[in-house]
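Structural description and commentary
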Number of protein chains: 2
Amino acid sequence: MKRHRIDSGSSWSLADHDPDNTGDFGTDEDGKAAAKAKTEKLVSQMDRLQVRLFSNRTRALLIVLQGMDTSGKDSTIRHVMSGVNPQGCRVAAFKAPTTDERAHDFLWRIHREVPAKGYIGIFNRSHYEDVLITRVNGWISSKTARRRFDQINEFEELLTDNGTTILKFFLYISKEEQKKRLEDRIRDPEKRWKWDSGDLEQRKRWPDYMKAFEEAISATSTRLAPWYVVPANRKWYRNLVVADRTVDALEKMNLTMAPGPQGVDFKKLKVV
Amino acid sequence: MKRHRIDSGSSWSLADHDPDNTGDFGTDEDGKAAAKAKTEKLVSQMDRLQVRLFSNRTRALLIVLQGMDTSGKDSTIRHVMSGVNPQGCRVAAFKAPTTDERAHDFLWRIHREVPAKGYIGIFNRSHYEDVLITRVNGWISSKTARRRFDQINEFEELLTDNGTTILKFFLYISKEEQKKRLEDRIRDPEKRWKWDSGDLEQRKRWPDYMKAFEEAISATSTRLAPWYVVPANRKWYRNLVVADRTVDALEKMNLTMAPGPQGVDFKKLKVV
């Protein structure tokens with residue numbers, strides 16, 4: 001799944017990525033079933049690895065999910081992160097900033113939500129909104145965007161220095177796939193609660209968004225906090241990629257269950 | 001499972017409750033398997049009901065877990081609440097208060113963590129510590145405890161007035177069962193990270209704790225925020241009771257999926 005990673009400093013283009021890609025899996029029912037079975041295995045591995053993370057309180061994992069409307073941010077959380085103990089996992093969803101949040105720098109509200117050691121933190125949208133929607137709508141200049149890229153990189157370095165592994169996923173769907181999903185939201189009364197007419201406005205700026213994503217990803221894909229461009233037209237492949245990278249990141253922390261507290265002689269302890 | 005509820009104003013005694021109770025289920029492997037199968041069904045119901053809660057943002061659910069050390073608070077969260085979308089579920093674990101928390105009233109840190117509308121909030125320990133450990137150790141007088149009971153009842157009424165359903169579970173294990181579980185923590189290197197020598201100190205005051213629980217539960221089991229005394233010697237029965245009451249509470253909210261935003265004519269919408 002490493003193939004979807006954007007390596008720091010590499011020259012790349014979104015055009016080289018295919019939102020329909022399913023890697024080594026066929027696009028038929030067999031491929032789908034095989035991918036789903038693999039994802040299920042990964043999710044139960046994740047559950048075990050999370051206990052080790054939680055017992056040690058030395059490391060943290062931050063997962064950033066970005067993508068156009070309907071790209072599956074909520075659904076990825078539901079499918080990949082259900083099964084992980086909610087006690088060790090915190091999801092922060094970032095919407096339009098409040099008055100109080102606007103009165104601070106753009107990283108202020110983000111910083112408050114970063115996972116403590118022992119935890120998995122999931123950002124449903126993130127500080128990257130401040131170089132995406134703001135950029136596309138012309139609320140910030142390209143100069144400000146470049147400053148923010150630097151500020152983001154410094155901020156993420158601060159987090160990794162403190163033991164946080166950062167994974168950033170751009171859930172990449174095609175404009176055609178978004179059309180289908182939006183139409184689905186219109187048609188299915190059970191899905192209408194997710195409708196936001198603003199989504200149609202953003203859709204009109206699709207090419208600008210793709211350019212903004214490309215720019216942001218290029219500027220902020222670092223060795224320690226890489227971006228993955230996740231082909232997300234097929235939900236089952238999207239889930240597999242995110243689950244695979246998450247398990248990989250947790251495994252690389254190389255954690256065993258934490259020992260007991262220091263200074264306790266467990267051989268001599270007696271419960272009366 | 002209603003049988004485990006302590007009704008407001010009823011005269012009751014912890015002595016009438018048996019931590020080994022397994023309700024209608026046998027204590028053999030068959031009973032255990034049947035209870036586990038039922039719990040599994042309840043957990044997937046919970047997942048579906050939680051989406052309705054989340055889509056409406058009109059109601060909230062607060063689950064309070066209390067119990068002696070090793071009574072299974074963490075494990076209940078892991079087994080019953082895994083499977084619920086972590087995006088709609090927040091766990092707050094209350095430890096010994098920080099300096100800042102101590103400088104406020106005892107409900108201050110609690111209030112900050114109550115679930116917003118749309119969410120399930122789980123308290124692993126809670127404001128009840130301030131009428132339990134504090135009382136048993138003589139840090140507050142019985143007069144202060146009684147004032148706090150009133151304050152707790154008023155506070156919980158405020159929450160229910162705002163649309164929050166409150167469920168409070170006392171995970172009731174026997175002193176003998178705690179001995180086994182503590183010995184297990186000593187023996188099993190994988191479990192030692194949970195060891196806290198303070199647990200042995202609290203264990204010495206077992207009868208005082210039971211008295212404090214009895215008193216607190218009697219004073220704060222209200223019609224809108226009832227306590228359940230959950231027989232917790234058998235983990236599978238404990239999980240079943242908590243899952244069953246949670247599903248019941250969500251069902252009683254009588255929610256369907258939220259409709260789309262007002263003023264949107266879905267028949268006329270077109271995605272281009």
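Up top you'll find the structure we're talking about.
Residues numbered from 1 in each chain as written. Chains lettered and ligands numbered in written order. Predicted model: local features only at pLDDT ≥ 70, side-chain atom pairs only at ≥ 80, totals over all residues. Heavy atoms only, no water.

A separate point is the interface of chain B and chain A. Interface size is often expressed as the accessible area that is lost when the parts come together. On the chain A side, the residues contacting the 44 residues of chain B number 44 residues. When chain B packs against chain A, close to 3900 Å² is buried across both sides, 60% of that on carbon and sulfur atoms. Sorting the residues of chain B by area buried against chain A places B:Q87, B:W193 and B:V271 first, and these three jointly supply 19% of that buried surface. Connecting chain B to chain A are 4 salt bridges. With a shortest N-O distance of 3.5 Å, B:R90 and A:E113 are connected by a salt bridge. (Contact = heavy atoms within 4.5 Å. Buried area = accessible area lost by both parts, 1.4 Å probe. Salt bridge = Lys/Arg side-chain N within 4 Å of Asp/Glu carboxyl O.)

Residue and element names in this part refer to chain B. Counting buried positions along strand β2 (residues 60-67) gives 8 out of 8 residues, so the element sits mostly inside the fold. The alternating pattern of β2 places A60, L62, V64 and Q66 and L61, I63, L65 and G67 on opposite faces, both of which are buried. Across 8 bridges, β2 lies against strand β5 (residues 164-172) in parallel orientation. Paired with A60 across the strands is T164, a residue of β5. Where β2 meets strand β4 (residues 120-124), 5 bridges bridge the pair, whose relative direction is parallel. Its bridge partner lying in β4, L62 is registered against G121. (Buried < 20%, exposed > 50% of the residue type's maximum accessible area, 1.4 Å probe, protein only. Helix = DSSP H or I, 4+ residues; strand = E, 2+ residues; numbered from the N terminus. Pairing = 2+ DSSP bridges.)

All right, on to the side chain of A:T22 then. Residue position: A:T22 is located in the loop between β1 (5-6) and α1 (29-56). If we skip the residues at most four places from it in the chain, A:T22 touches A:T27, A:R234, A:W236 and A:Y237.

What follows concerns unusual backbone geometry. Residues and elements named next belong to chain B. One non-glycine residue, R125, adopts positive backbone phi at about 65°. Here R125 is to be found in the loop between β4 and α5 (133-136). Not every positive phi belongs to a glycine, and N254 is a case in point at roughly 60°. Summarising the element assignment, N254 is placed in the segment after α10 (235-252).

So, on to the environment of B:K73. All names here are of chain B. Mapped onto the fold, K73 is located in helix α2 (residues 73-81). Residue class for K73 comes out buried when judged on its relative accessible area of 8%. A sequence separation of 71 residues divides K73 from T144, and the C-alpha atoms of the two residues are 27 Å apart. Ignoring any residue separated from it by four or fewer positions in sequence, one finds K73 in contact with L65, Q66, G67, M68, N124, R125 and L171. Within the structure, the side chain of K73 is placed 3.3 Å from the backbone oxygen of M68, a separation counted as a polar contact. (Polar contact = N/O pair within 3.5 Å; in protein donor to acceptor, adjacent residues only side chain to side chain.)

Evaluation of the coordinates by the stated rule reveals 18 aromatic pairs over all chains. An aromatic cluster of three or more residues is present, and its members are A:F54, A:Y119 and B:W193. Sitting over the face of the ring of A:F106, A:R148 holds its NZ or CZ atom 4.7 Å from the ring centroid. Stacked on the ring of B:W108, the Lys or Arg B:R112 has its end atom at 4.6 Å from the ring centre. (Phe/Tyr/Trp six-rings, centres within 6.5 Å; stacked < 30°, edge-to-face > 60°. Lys NZ or Arg CZ within 6 Å of the ring centre and 35° of its normal.)

Next up on the list: the relation of the copies chain B and chain A. The operation relating chain B to chain A is a screw motion whose rotation component is 180°, with 0.0 Å of axial translation and a residual RMSD of 0.0 Å. This pairing of chains is accounted for by a two-fold axis. Residues of chain B ranked by C-alpha distance from the rotation axis are headed by B:G83, positioned 2.4 Å from it. Comparing contact sets, 100% of the residues at the interface of chain B also lie at the interface in chain A, consistent with an isologous, same-surface contact. (Least-squares fit on C-alpha atoms with pLDDT ≥ 70 in both.)

Before going further, it helps to spend a moment on the state of the cysteines. Under the definition given, this model contains 0 disulfides over all chains. Between A:C89, a cysteine without a disulfide, and B:C89, which holds the nearest cysteine sulfur, the sulfur-to-sulfur distance is 9.3 Å. (Disulfide = S-S within 2.5 Å.)

Our next topic: the pairing of strand β6 (residues 227-231) of chain A. Residue and element names in this part refer to chain A. Judged by how many residues are buried, β6 sits mostly within the fold: 5 of 5 residues are covered. Residues W227, V229 and P231 of β6 are buried on one face, and the alternating residues Y228 and V230, pointing to the opposite face, are buried as well. Note: β1 against β6, 2 bridges, orientation antiparallel. By the bridge assignment, R5 is partnered in β6 with Y228. Of the strand pairs in this sheet, strand β5 (residues 164-172) and β6 are connected by 5 bridges, and their pairing is parallel. Across the sheet, the residue bridging to F169 is Y228, located in β6.

On to the sheet that holds strand β4 (residues 120-124) of chain A, then. All names here are of chain A. Taken together, 6 strands build an open sheet; the order of strands is β1-β6-β5-β2-β4-β3 and the sheet is mixed. A strand with exactly one partner marks an edge of an open sheet, and here the two such strands are β1 and β3 (89-93). Along the sheet, helix α6 (residues 142-161) contacts β2 (60-67) and β5; its crossing angle with β5, the most-contacted strand, is approximately 135°. (Axes fitted to C-alpha atoms, helices over the stretch in contact; angles between N-to-C directions.)

Attention now moves to helix α9 (residues 206-220) of chain B. All names here are of chain B. The terminal C-alpha atoms of α9 lie 21 Å apart, and with 15 residues this matches the ideal 21 Å at 1.5 Å per residue to within 8%. Regarding α9, the residues found buried are W206, Y209, M210, A212, F213, A216, I217 and T220. What you see down the axis of α9 is that its buried residues fit within an arc of 165°, all on one side. Residues P207 and K211 are exposed on α9 and point more than 90 degrees away from its buried face. (Expected span 1.5 Å × (residues − 1). Arc of directions from axis to C-beta.)

Moving on, we come to a negative patch on the surface. Residue and element names in this part refer to chain A. On the surface, a cluster of negative charge is made up of D150, E154, E157 and D161. Note that E154 resides in helix α6. For E154, a relative accessible area of 55% translates into the label exposed. (Patch = residues over 30% accessible without salt bridge, like charges linked within 9 Å, V, L, I, M, F, W, Y side chains within 5 Å. Areas by Shrake-Rupley, 256 points an atom, 1.4 Å probe, with all protein chains shown as cover. Lys, Arg positive; Asp, Glu negative; His and termini not counted. Charge placed at Lys NZ, Arg CZ, Asp CG, Glu CD.)

Bringing the sheet that holds strand β1 (residues 5-6) of chain B into the picture now. Residues and elements named next belong to chain B. Read from one edge of the open sheet, 6 strands run β1-β6-β5-β2-β4-β3, paired in mixed fashion. Edge positions in the sheet fall to β1 and β3 (89-93), since each of these pairs with one other strand and no more. The strands that α2 touches are β2, β3, β4 and β5; relative to β2, the one it contacts most, it runs at about 145°.

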